[in-house]
Amino acid sequence: MGSDKTRSPSERAETPLTAAILAGRWIRGAAQDDASGRAWAANPDGRGRSALTTPEPASLYAGAAGIVLFFLELAAATGHEAYLEDAAAGARRLAATWRGQNDLTLYHGLTGVVVALAEAGWALGDEELESAARDAADHVVRSARPLAGGPGWTGDPAQRGDGGIVLGLLRAAAALGVPRYEETAVAAGERIAGLAVPGHRFGDCPDLPADAVTPGFLAGTAGTAFLLARLYGLTGEPGFLEAANRGAGFVREVSVVTDRCALVPHHVPQERGLHYLGFCSGSAGVARMFQELYRVTGERGHLEWVERLAGGILRSGAPEGRTPGFWNVACQCCGSAGLLELFVGLWAETGDATYLAFARKLAHHLIGAATDHDGRGFRWYQAYRRLRPGEVSADTGFMVGAAGIGAALLHLDAALQGREARRVILLPDNPFPAIPVPSAHLRAPGGPG
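Residues numbered from 1 in each chain as written. Predicted model: local features only at pLDDT ≥ 70, side-chain atom pairs only at ≥ 80, totals over all residues. Heavy atoms only, no water.

In the nomenclature of an unreviewed UniProt entry, the protein chain corresponds to Lantibiotic modifying-like protein from the organism Actinomadura luzonensis.

So, in structure tokens, the structure goes:
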């Protein structure tokens, strides 16, 4: 494992690994150190502004927690200790400052910090970071409040709210060995399972009508059904599976199915013809729900829906083709990097070479879209907000910028290593194999099947 040592900084990278290294170079240039450790500017361009209107310096979505995870992966891919030092500096600052966070959610708040600290503590062998992860997780658990049907935090069952917190606590319980995190998560999940159609939310998303319902992943039904399927796999309680199936049934009902392809509307009833392709509200995220249902039940029909959603992406003309639901955006949240995560994972699940070929195509497109005009490393300029195409920015963060794009490229690089493939860091809502290679590829020739 090593980086490409033959290229000058001004040359275009030709592989997923070298592109990720150049993304790391740009992010390192955005470092901001203080007595507590390291953070990174969301957008280090002179006079640049972040894609997010509200800064999130510590978050998994756009801040240090996600960047720490990227540097941990970059260290594993290259063998370079310097990237571990980057991750350690960022994790130390997260450990020192987490008490100042009021948001408790997975992507935008403290639960994401718990995930990053737990991963960093394990990778670095740092007990102080693991202790900080436990302290922060304890705070999340103590902050649960009684709601109708059980405990919760935000009242929102979706991934962006209580659903994401539950997933983060499940990860923390396993990583840190604290059973009460799982107990709280299951109790909160029981409340969510009691909803008629889990994940339905009306009128609380920016730019949506007051009566809109979102079937997507981060803010909608699919993400909540994913959570409930995960809880069923953990507990075996049929109520979780029943609730997950209610959510999945709603998503199937509103989707557009042609031949062996499917597309999911962004919101109903107003925008049945607006089909996002990405992770947050489109096919790449919704596919995770069906994959999790397949993982915990073994029912082939769920995997067929994953393949239908992938087929819709393949038929769309992406990544070169632009549609109302796939615009000038490269990031994990709603762009090409989120599609790359799906197709690497789907290849690992099925072994279908079509998916790996498309993952390579997505990576080639992402590398071609990168900018390195000043020799400072790769960044991606994009219009993060679909309804504001004139707002173009390049961010460092995981879900909105270079760290997440770099991580997706590293996951493809790992998939291309065959029997030498390494474990990758997947977020708690990713149901695909953590070693992104079909299991048959890992068996020794002549070994047991």
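Let's pick the thread back up.
Trainee: Can you walk me through the overall build of the protein chain in this structure?
Mentor: Looking only at helices and strands, one finds 14 helices and six strands in the protein chain. Here the protein chain has a C-alpha radius of gyration of 20 Å; the compact-globule value for 449 residues is 22 Å, and the two agree. Seen along its three principal axes, the alpha-carbon backbone of the protein chain occupies a region of about 55 × 55 × 50 Å. In the protein chain, buried positions account for 59% of the 449 residues. For the protein chain, restricting intrachain contacts to residue pairs at least 6 apart in sequence, the fraction spanning at least 24 positions comes to 64%. (Helix = DSSP H or I, 4+ residues; strand = E, 2+ residues; numbered from the N terminus. Rg over C-alpha atoms; globule rule 2.2 N^0.38 Å. Buried < 20%, exposed > 50% of the residue type's maximum accessible area, 1.4 Å probe, protein only. Contact = heavy atoms within 4.5 Å.)

Trainee: Would you mind showing me how to read unusual backbone geometry here?
Mentor: Peptide bonds are trans in most cases, and residues, glycine excluded, mostly fall at negative phi. Of the consecutive residues valine 268 and proline 269, the connecting peptide bond is found in the cis state with omega at 5°. Here proline 269 lies in the loop between strand S6 (261-263) and helix H10 (283-297). The step from alanine 318 to proline 319 runs through a cis peptide bond, and the omega angle for that step is 5°. A positive phi is found at aspartate 259, a non-glycine position, where the angle reads about 55°.

Trainee: Is there a simple way to think about the confidence of the model for the protein chain in this case?
Mentor: Close inspection of predicted coordinates is inappropriate for parts of the model with low pLDDT. Confidence in the prediction of the protein chain, expressed as mean pLDDT, is 92, and 93% of residues score 70 or more. Taken together, the stretch residues 1-11 has pLDDT below 50 and engages in 19 contacts with residues farther than four places along the chain or on a different chain. (pLDDT = per-residue confidence, 0-100.)

Trainee: Would you explain the environment of leucine 176 in this entry?
Mentor: Looking at where leucine 176 falls in the secondary structure, it is placed in helix H6 (residues 162-176). The spacing of leucine 176 and glutamate 130 is 46 residues in sequence and 7.2 Å in space, taken between C-alpha atoms. Apart from residues lying up to four places away in sequence, leucine 176 is in contact with Ala118, Glu130, Ala133, Arg134 and Tyr181.

Trainee: How should the side chain of arginine 308 be read in this particular structure?
Mentor: Structurally, arginine 308 is set in helix H11 (residues 300-315). Those residues in contact with arginine 308 that lie beyond four places of it in its chain are Val257, Arg260, Cys261 and Ala262.

Trainee: Before we go on, may I ask you to explain the state of the cysteines in this structure?
Mentor: Throughout this description, disulfide means a covalent bond between two cysteine sulfur atoms. Considering all chains together, one arrives at zero disulfides under this definition. We note that cysteine 280 lacks a disulfide partner, and the nearest cysteine sulfur, in cysteine 333, lies 3.8 Å from it. For cysteine 331, which is in no disulfide, the shortest distance to another cysteine sulfur is to cysteine 334 and amounts to 4.0 Å. (Disulfide = S-S within 2.5 Å.)

Trainee: What am I meant to see in the pattern of salt bridges here?
Mentor: A side chain of one charge can pair with a side chain of the opposite charge when the charged atoms of the two come close. Applying the stated criterion across every chain yields a total of 20 salt bridges. As a salt-bridge pair, arginine 38 and aspartate 86 come within 2.8 Å of each other at their nearest N and O atoms. A residue pair is termed long-range when its members are at least 10 positions apart, and arginine 38 in strand S2 (residues 37-40) and aspartate 86 in helix H3 (residues 81-97) qualify at 48 residues. You'll find arginine 38 and aspartate 86 in the same group, each marked buried. With a shortest N-O distance of 2.6 Å, arginine 160 and aspartate 156 are connected by a salt bridge. (Salt bridge = Lys/Arg side-chain N within 4 Å of Asp/Glu carboxyl O.)

Trainee: Can you help me understand the nonpolar core in this one?
Mentor: One broad rule of soluble globular proteins: the nonpolar side chains tend to lie buried together. One finds Tyr61 and Met289 to be the most contacted residues of the largest nonpolar core, which totals 149 residues. It is helix H2 (residues 64-78) that provides the largest number of residues to this core, a total of eleven residues. With near-sequence residues (within four places) excluded, methionine 289 lies in contact with Phe217, Ala222, Ala225, Phe226, Ala248 and Val251. (Core = buried A, V, L, I, M, F, W, Y, C linked by side-chain atoms within 4.5 Å.)

Trainee: Whenever I open this one, the pairing of S2 confuses me. Can you help?
Mentor: The two faces of a sheet get side chains in turn, since along a regular strand they alternate between them. Where strand S1 (residues 31-34) lies against S2, four bridges are found, and the strand directions are antiparallel. Bridging across to S2, aspartate 34 finds its partner in glycine 37. Joining the antiparallel neighbours S1 and S2 is a turn of two residues. (Pairing = 2+ DSSP bridges.)

Trainee: What am I meant to see in the packing of aromatic side chains here?
Mentor: Each pair of aromatic rings is reported with the distance of its centres and the angle of its planes. In total, this model carries twelve aromatic pairs according to the counting rule given. For the ring pair phenylalanine 343 and tyrosine 355, a centre distance of 5.9 Å and an interplane angle of 55° mean the geometry is tilted. One end of the pair, phenylalanine 343, is in helix H12 (residues 336-350); the other, tyrosine 355, is in helix H13 (residues 353-369), and twelve residues separate them in sequence. Accessibility expressed as a relative area gives 7% for tyrosine 355, which makes it buried. Pairwise contacts between aromatic rings join Tyr61, Tyr107, Phe217, Phe226 and Phe279 into one cluster. (Phe/Tyr/Trp six-rings, centres within 6.5 Å; stacked < 30°, edge-to-face > 60°.)

Trainee: Teacher, can you tell me more about the packing of H10 against H12 here?
Mentor: Two numbers describe a pair of packed helices, the interaxial angle and the distance between the axes. Axis separation between H10 and H12 bottoms out at 10 Å; the angle between their running directions is 25°. Classed by the angle they form, the pair H10 and H12 counts as roughly parallel. Helix-helix and strand crossings are classified by hand; for H10 and H12 the assignment is left-handed. In this structure, H10 contributes Ala284, Ala287, Arg288, Gln291 and Tyr294 to the contact, and H12 contributes Gly338, Leu339, Glu341, Leu342 and Glu349. A breakdown of the residues in the contact of H10 with H12 according to their chemical character gives five nonpolar, two polar and three charged. (Axes fitted to C-alpha atoms, helices over the stretch in contact; angles between N-to-C directions. Parallel < 35°, antiparallel > 145°, perpendicular 65-115°, else oblique. Left-handed = near helix turned anticlockwise from the far one by under 90°. Nonpolar A, V, L, I, M, F, W, Y, C, P; charged D, E, K, R; others polar.)

Trainee: So what exactly am I meant to see when it comes to the packing of helix H4 (residues 110-124) against H6 here?
Mentor: Two numbers describe how H4 lies on H6: the axes approach to 9 Å, and their chain directions differ by 20°. Taken as axis vectors, H4 and H6 run roughly parallel relative to one another. The way H4 lies across H6 gives a crossing that is left-handed. Residue-level inspection shows Thr111, Val114, Val115, Ala118 and Glu119 of H4 in contact with H6, the latter providing Gly164, Ile165, Gly168, Leu169, Arg171, Ala172, Ala175 and Leu176. Its residues assigned to classes, the contact of H4 with H6 shows eight nonpolar, three polar and two charged.

Trainee: Would you mind showing me how to read the environment of tyrosine 181 here?
Mentor: Note that tyrosine 181 resides in helix H7 (residues 179-193). For the pair tyrosine 181 and lysine 361, spaced 180 residues apart in the sequence, the C-alpha separation amounts to 40 Å. For tyrosine 181, the contacting residues outside a window of four places in its chain are Arg134, Ala137, Asp138, Val141, Leu169, Ala172, Ala173 and Leu176.

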